[in-house]
Amino acid sequence: MHSFFSRLNTLFAFTLTVLAVLTIGVFFSTFFEKYQDTVAIGVNKPIVKHMTDFSANRKKNDLGVLQLNLDMNLDHLFDWNVKQLFLYLVAEYMTPTNSLNQVVLWDKIIRRGENARFNLHDIATKYYFWDDGEHLKSNNVTLTLGWNIISNAGRLIHVRANGSTSFVFPDNYATSRSASSKSSGQE
Amino acid sequence: MIDIEWPFYTHMDFCGQKKAERLFQIIIFLFGIIGFIIGYMMQQFSVTIYSVLLGTFVSVLLTLPPWPIYRNNPIEWQKTIDSRIYSDISAQSLITKNFESL
């Protein structure tokens, strides 16, 4: 401790130790938090098209097209250990070849301090709803919203919200001309 | 950078070093605890970090420069012996001579 720099070194090391202990304290203070909430999801005008997926093989696959309504208020999820939320809307259904298919249709990143209340109506899905095959006609699909908690100090938690909805695709394929102008499929 | 001859002194006494170390440990620890409690109430972790950094800044001002309160117990060195007058005598008789002069 005799020289100026050894005092500075000791002080700096002590500061870092105190910061590390406080961060561990933050981790323990939110260890048992569940981060659960209820959201409202709605589906308008689901249709199925049968066309070639040019990003995959050249076969014709089923493409689902739908509009979404999303209502949620996620302000209370942001405690002092949450840095951002990663929301994703996943569609799950069953086909004769696979017992579970999951397709992500919409996602969003909400950082701390941004608006966490959404009332979206009749928005198009962000990603295409391709089926690997042709089994979307008259199939029962469940839409669930989930989020991924990204903490300051802690585990990465995946949470599925309460409030999932199901809908059934129509029995016939839609032709391109009868699709609505707000569809996200190929024209 | 370590061995530059500054025009001011930079060292403290041993008692001063003990006081300085105890002081900055207490200051940073208190600012850390207060920052943790306020951060928990406001649910903002940045408040905790800023509080600890403020505590560090206060400690730097109070304990890094060698203030006079840290120099109140100067080390008492023994008187110097001019060893040139003993350069031709062996070590044994040097010790004997020192015992005689006490």
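On a predicted model such as this, the values are computed, not experimentally measured, just so you know. (Residues numbered from 1 in each chain as written. Chains lettered and ligands numbered in written order. Predicted model: local features only at pLDDT ≥ 70, side-chain atom pairs only at ≥ 80, totals over all residues. Heavy atoms only, no water.)

Draft legend 1. Main features of the overall build of chain A. A count of helical and extended segments in chain A gives one helix and nine strands. Seen in sequence order, chain A has helices and strands lined up from the N terminus as α-β-β-β-β-β-β-β-β-β. Taking 16 Å as the expected radius of gyration for a compact globule of 187 residues, we find that chain A reaches 23 Å, considerably beyond that expectation. For chain A, the C-alpha atoms occupy an extent of roughly 85 × 35 × 30 Å along the three principal directions. Going through the 187 residues of chain A one by one, you find that 43% of them count as buried. (Helix = DSSP H or I, 4+ residues; strand = E, 2+ residues; numbered from the N terminus. Rg over C-alpha atoms; globule rule 2.2 N^0.38 Å. Buried < 20%, exposed > 50% of the residue type's maximum accessible area, 1.4 Å probe, protein only.)

Draft legend 2. Local environment of the pairing of strand E8 (residues 157-160) of chain A. Residue and element names in this part refer to chain A. Relative to E8, strand E7 (residues 140-151) is paired through four bridges, and the arrangement is antiparallel. Paired with glycine 146 across the strands is arginine 160, a residue of E8. Here E7 folds back onto E8 in antiparallel fashion, the turn holding five residues. (Pairing = 2+ DSSP bridges.)

Draft legend 3. Here's a closer look at the packing of helix H1 (residues 4-29) of chain A against helix H2 (residues 45-63) of chain B. For the pair H1 of chain A and H2 of chain B, interaxial distance at closest approach is 11 Å and the crossing angle is 160 degrees. It follows that H1 of chain A is roughly antiparallel to H2 of chain B by the angle criterion. By crossing handedness, the relation of H1 of chain A to H2 of chain B is classed as right-handed. Taken together, the residues of H2 of chain B that come into contact with H1 of chain A (itself represented by Arg7, Leu11, Thr15, Val18, Leu19, Leu22, Thr23 and Val26 of chain A) are Phe45, Thr48, Ile49, Val52, Thr56, Ser59, Val60 and Thr63 of chain B. By residue class, the composition of the contact of H1 of chain A with H2 of chain B is nine nonpolar, six polar and one charged. (Axes fitted to C-alpha atoms, helices over the stretch in contact; angles between N-to-C directions. Parallel < 35°, antiparallel > 145°, perpendicular 65-115°, else oblique. Left-handed = near helix turned anticlockwise from the far one by under 90°. Contact = heavy atoms within 4.5 Å. Nonpolar A, V, L, I, M, F, W, Y, C, P; charged D, E, K, R; others polar.)

Draft legend 4. Looking closely at H2 of chain B. Residues and elements named next belong to chain B. Its 19 residues give H2 an end-to-end C-alpha distance of 27 Å, which sits within 8% of 27 Å, the value for a rise of 1.5 Å per residue. Those residues of H2 that sit buried are Phe45, Thr48, Ser51, Val52, Gly55, Thr56, Ser59 and Thr63. Mapping the buried residues of H2 onto a view down its axis gives an arc of 140 degrees, with all of them on the same face. Among the exposed residues of H2, those pointing more than 90 degrees away from its buried face are Tyr50 and Phe57. (Expected span 1.5 Å × (residues − 1). Arc of directions from axis to C-beta.)

Draft legend 5. Quick look at unusual backbone geometry. Look at tyrosine 35 of chain A: it is not a glycine, yet its phi comes out positive at around 55 degrees. Position of tyrosine 35 of chain A among the secondary structure elements: in the loop between H1 and strand E1 (40-52).

Draft legend 6. Summary view of the pairing of E7 of chain A. Residues and elements named next belong to chain A. Burial analysis of E7 places nine of its 12 residues in the buried class, the great majority of the element. Examined bridge by bridge, strand E3 (residues 82-93) and E7 share 10 bridges and lie antiparallel to one another. Counted as the bridge partner of alanine 91 is leucine 143 from E7. Here E7 runs beside strand E9 (residues 165-168); their pairing, made up of four bridges, is antiparallel. Paired with valine 141 across the bridge in E9 is phenylalanine 167.

Draft legend 7. Inspection of the interface of chain A and chain B at higher detail. Listed by partner, the interface residues are 21 residues for chain A and 27 residues for chain B. At the junction of chain A and chain B, the tally comes to zero salt bridges. Connecting chain A to chain B are five residue pairs in polar contact (both at pLDDT 80 or more). Here the side of chain A that touches chain B is composed, by residue class, of 11 nonpolar, seven polar and three charged. (Salt bridge = Lys/Arg side-chain N within 4 Å of Asp/Glu carboxyl O. Polar contact = N/O pair within 3.5 Å; in protein donor to acceptor, adjacent residues only side chain to side chain.)

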